Amino acid sequence: MSTENLPQSPEQPSRKPRVAVVFGGRSSEHGISVVTAGAVLKAIDRTKYDVLPIGITRDGRWALTADEPERMAITDRALPAVEDLAESHEGDVVLPVAPANREVVYSEPGSVPKALGEVDVVFPVLHGPYGEDGTLQGLLELSGVPYVGAGVLASAVGQDKEYMKRVFTSFGLKVGPYVVIRPREWQQDQAAARKKIVDFAGEHGWPLFVKPARAGSSIGITKVDDLSGLDEAIAEAQSHDPKILIEAAITGREIECGVLEFEDGPRASLPAEIPPPDAHAYYDFEAKYIDSTPGIVPAPLTEEETAEIRRLAVDAFEAASCEGLVRADFFLTEDGEFVINEINTLPGFTPISMYPQMWQATGVGYPELIDLLVQAALRRSTGLR
């Protein structure tokens, strides 16, 4: 039977892709994540995307939050928190757990759960453990929901500074001297662990940098000039991560480079230089976020040096199997060699952060940067790829 003359159903208008911006989290970088989310929410193209802000509180509750970017800024040197933005102190947002269902549900005690609609892509702006380290990425893989940024493996490698350095070394990238103290090592024999660090200092000299192995935003890092400050530095790092990393100081200029995934593959931005901050011993958390020490964009390098660091940044991106975006941090030593310090798979992403600034100098503005990242996530499938 022909259907040619039967009434036709009107075509359903195509809806805009829905982006869930997930932020906050359980790590010590909670506040910076909220600041980053505010910048993304303010700049994302609302004519192109529907947006659903979801905050994760410090105790791990997923909360429906106000879509009010102006409330997500640093005020009087104080960082914002998801708890101050949540529409309810009891309600929970639940992501889908089956790949065939992308419906997000919101529930409060004593109320009927409310469907918030389907989510097409998650834009995670979580920094540190429980978000940037592959844990959220694994949840999204199980749910079958595309997401911005690195996958499970690359996120885990990018978070753990020890294994990051091991991967880089295996791919021929030069890293600086370091030593690791694992939790069991410290628990079983503190004197032996401390001696391991002192022997390392004897070989490479003071100062040393004592760091949490799996944290970012320069949180928990101490520059130690001699033996007298070592125990306090260890305690500070272990308050953020029981596994700590000790690095030898490298004399050189701090140079950063951004990598962004385009349709034809990853490309590197113009690099930036981080000058030594006047009021700080090094480029620490307060210098980065509270006092906003400005970087130099683009970095004053020769054409050959600029080409080299851009090549190395893409090499680091590929070595760790990254996707979406990476900020690669290097030292340029006095003999002209680039030594990679680390990569950040979800770098600071406010308009004044170095990653967006580097891309701005390269010709990609902040709203376009967000769009390119969302589009890259929508092109990718979840699962093995």
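Residues numbered from 1 in each chain as written. Predicted model: local features only at pLDDT ≥ 70, side-chain atom pairs only at ≥ 80, totals over all residues. Heavy atoms only, no water.

### Some words on the UniProt feature "binding site: Mg(2+) 2" (unreviewed entry) in the protein
And step 1. Residues annotated by UniProt as "binding site: Mg(2+) 2" (unreviewed entry) correspond here to Glu-342 and Asn-344.
And step 2. Mapped onto the elements of the fold, Glu-342 is located in strand 16 (residues 338–344).
And step 3. Among the residues examined, Glu-342 registers a relative accessible area of 13% and is labelled buried.
And step 4. Other than its neighbours up to four places away in sequence, Glu-342 contacts Lys-161, Met-164, Arg-327, Ala-328 and Asp-329.
And step 5. Within the secondary structure layout, Asn-344 lies in strand 16.
And step 6. On the basis of relative accessibility, which here comes to 12%, the residue Asn-344 falls in the buried class. (UniProt positions renumbered as here; feature names shortened; annotations may be inferred. Helix = DSSP H or I, 4+ residues; strand = E, 2+ residues; numbered from the N terminus. Buried < 20%, exposed > 50% of the residue type's maximum accessible area, 1.4 Å probe, protein only. Contact = heavy atoms within 4.5 Å.)

### Digging into the nonpolar core
And step 1. One finds Val-21, Phe-23, Phe-123, Phe-349 and Ile-370 to be the most contacted residues of the largest nonpolar core, which totals 36 residues.
And step 2. When contributions to this core are tallied by element, the ones reaching two or more residues are strand 1 (18–24), helix 1 (30–43), strand 7 (121–124), strand 12 (252–262), helix 10 (354–362) and helix 11 (366–379).
And step 3. Element by element, the count of residues in this core is highest for helix 11, at 7 residues.
And step 4. Inspection of this core shows a minimum of three residues originating in each of domain 1 (18–147) and domain 2 (158–175 + 251–364).
And step 5. Contacts of Val-21, omitting those with residues within four sequence positions, involve Ala-37, Val-40, Leu-41, Val-51, Leu-52, Pro-53, Ile-54, Phe-123 and Val-125.
And step 6. Ranked by size, the runner-up nonpolar core spans 29 residues in total, among them Leu-301, Ala-313, Val-314 and Ala-320. (Core = buried A, V, L, I, M, F, W, Y, C linked by side-chain atoms within 4.5 Å. Domains from an automatic or database assignment.)

### Section: the confidence of the model for the protein
For residues with low pLDDT, the predicted coordinates do not support detailed interpretation.
And step 1. Predicted confidence across the protein gives a mean pLDDT of 90, with 92% of residues reaching 70 or more.
And step 2. Contacts of residues 1–12 to residues separated by more than four positions or lying in other chains number 2 contacts, the stretch itself having pLDDT below 50. (pLDDT = per-residue confidence, 0-100.)

### Some words on the sheet that holds strand 10 (residues 222–224)
And step 1. With respect to topology, 4 strands assemble into an open sheet ordered 8-11-9-10, the strand pairing being antiparallel. The sheet is open, and its two borders are formed by strand 8 (178–181) and strand 10, each paired with just one other strand. Going from strand to strand, the sheet's axes swing by 25° on average, the running direction of each strand aside.
And step 2. The pairing of strand 9 (residues 208–212) with strand 10 spans 3 bridges and is classified as antiparallel. Bridge assignment links Leu-208 to a residue of strand 10, and that residue is Val-224.
And step 3. On top of the sheet, helix 7 (residues 230–238) reaches strand 9, strand 10 and strand 11 (244–248); it is set at about 25° to strand 9, its chief contact. (Pairing = 2+ DSSP bridges. Axes fitted to C-alpha atoms, helices over the stretch in contact; angles between N-to-C directions.)

### Some remarks on the UniProt feature "active site" (unreviewed entry) in the protein
And step 1. Following the UniProt record, one finds the feature "active site" (unreviewed entry) at Glu-29, Ser-217 and Ser-353.
And step 2. Residue Glu-29 is classed as buried on the basis of its relative accessible area of 3%.
And step 3. Relative to the helices and strands, Ser-353 resides in the loop between strand 16 and helix 10.
And step 4. By relative accessible area, which is 9% here, Ser-353 ends up buried.
And step 5. Reaching out from Ser-353, the side chain makes a polar contact with the backbone nitrogen of Phe-349 at a distance of 3.4 Å. (Polar contact = N/O pair within 3.5 Å; in protein donor to acceptor, adjacent residues only side chain to side chain.)

### Topic: helix 11
And step 1. With 14 residues, helix 11 should cover 20 Å at 1.5 Å per step; its first-to-last C-alpha distance of 20 Å lies within 8% of that length.
And step 2. When helix 11 is considered as a whole, its buried residues turn out to be Tyr-366, Leu-369, Ile-370, Asp-371, Leu-372, Leu-373, Val-374, Ala-376 and Ala-377.
And step 3. The elements touched by buried residues of helix 11 are strand 1, helix 1, strand 7, strand 12, strand 15 (325–333) and helix 10. (Expected span 1.5 Å × (residues − 1).)

### Thoughts on the environment of Ile-54
And step 1. Summarising the element assignment, Ile-54 is placed in strand 2 (residues 50–56).
And step 2. Separated by 17 residues in the primary sequence, Ile-54 and Ala-37 have C-alpha atoms spaced 9.7 Å apart.
And step 3. Beyond its immediate stretch of four places on either side in the chain, Ile-54 contacts Ala-20, Val-21, Val-22, Phe-23, Trp-62, Ala-63, Thr-65 and Val-93.

### Quick word on the pattern of salt bridges
And step 1. For the structure on display, the rule yields 27 salt bridges.
And step 2. Taking the shortest distance from any N to any O, the salt bridge between Arg-71 and Glu-68 comes out at 3.0 Å.
And step 3. Judged by relative accessible area, Arg-71 falls into the partly exposed class, the value being 38%.
And step 4. On the accessibility criterion, Glu-68 (29% relative accessible area) is partly exposed. (Salt bridge = Lys/Arg side-chain N within 4 Å of Asp/Glu carboxyl O.)

### Digging into unusual backbone geometry
And step 1. The linkage connecting Trp-206 with the following residue, Pro-207, adopts the cis geometry, with an omega of 0°.
And step 2. In this model, Val-297 is joined to Pro-298 through a cis peptide bond whose omega is -5°.
And step 3. Position of Pro-298 relative to the elements: it lies in the loop between helix 8 (285–290) and helix 9 (303–319).
And step 4. Look at Asp-76: it is not a glycine, yet its phi comes out positive at around 50°.
And step 5. Mapped onto the elements of the fold, Asp-76 is located in the loop between strand 3 (62–64) and strand 4 (92–94).

### Considering the packing of helix 1 against helix 11
And step 1. Running from amino to carboxyl end, helix 1 crosses helix 11 at an angle of 95°, the nearest separation of the two axes being 9 Å. With respect to each other, helix 1 and helix 11 are oriented roughly perpendicular. Packed against helix 1, whose contacting residues are Thr-36, Ala-39, Val-40 and Ala-43, the element helix 11 presents Tyr-366, Pro-367 and Ile-370 at the interface.
And step 2. Looking at the contact of helix 1 with helix 11 residue by residue, the classes come out as 6 nonpolar, 1 polar and no charged. (Parallel < 35°, antiparallel > 145°, perpendicular 65-115°, else oblique. Nonpolar A, V, L, I, M, F, W, Y, C, P; charged D, E, K, R; others polar.)

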